[in-house]
Amino acid sequence: MSEFLDFLRHQFAYVAIGEFKPGKFEAAEQLFEKAVATYATGFKGAYLLQLPNTDKGIAIIFWESVEEMAANQSEAYQEILKQMTPLFAKIPDSNVYEIVSEIQPKSE
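Residues numbered from 1 in each chain as written. Predicted model: local features only at pLDDT ≥ 70, side-chain atom pairs only at ≥ 80, totals over all residues. Heavy atoms only, no water.

S.K.: Would you explain the sheet that holds strand 2 (residues 43–50) in this entry?
M.R.: What holds strands together in a sheet is hydrogen bonding between their backbones, with the strands either parallel or antiparallel. In space, the 4 strands of this open sheet follow the order 2-3-1-4, with antiparallel pairing throughout. Of all strands in the sheet, those bounded by a partner on one side alone are strand 2 and strand 4 (93–98). Put simply, the sheet's adjacent strands are angled 15 degrees from each other on average, direction ignored. Bridge count for strand 1 (residues 12–19) against strand 3 (residues 56–63) is 8 bridges, and the pairing is antiparallel. Considered in strand 3, the bridge of Val15 is made with Ile60. Together, strand 2 and strand 3 form the strand contacts of helix 2 (residues 25–37), whose direction differs from that of strand 2 by roughly 180 degrees. (Pairing = 2+ DSSP bridges. Helix = DSSP H or I, 4+ residues; strand = E, 2+ residues; numbered from the N terminus. Axes fitted to C-alpha atoms, helices over the stretch in contact; angles between N-to-C directions. Contact = heavy atoms within 4.5 Å.)

S.K.: How should the packing of helix 2 against helix 4 (residues 75–84) be read in this particular structure?
M.R.: How two helices sit against one another is set out by the angle between their axes and by the gap between those axes. At their nearest, the axes of helix 2 and helix 4 sit 9 Å apart, and the two run at 170 degrees to each other. In terms of their interaxial angle, helix 2 and helix 4 are classed as roughly antiparallel. When helix 2 is examined against helix 4, the residues Ala28, Leu31, Phe32, Lys34 and Ala35 are found in contact with a partner set consisting of Tyr77, Ile80, Gln83 and Met84. (Parallel < 35°, antiparallel > 145°, perpendicular 65-115°, else oblique.)

What follows is the structure, encoded as structure tokens:
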């Protein structure tokens, strides 16, 4: 029964859509990886997407719960965020989304 209840519990995704100053995407990517490395409890994975040949990107970070996401805002994480802020061309658009549907490919 607990597996079924776990299935019913939805996860969350933090999504940030932004643009970096020209030529700063690679530096931002390194800082993103450092920030993600600080995450612990509740962290379920992360993606950084880049629109080819641009400095535009989308960060998606998956969490077990919003509370666990907030609990991972450590001092180390905040320091990395401070280093990343000047790389942005403008403030990124960010939101927390509830994952309401997940579809996996069928096993071969």
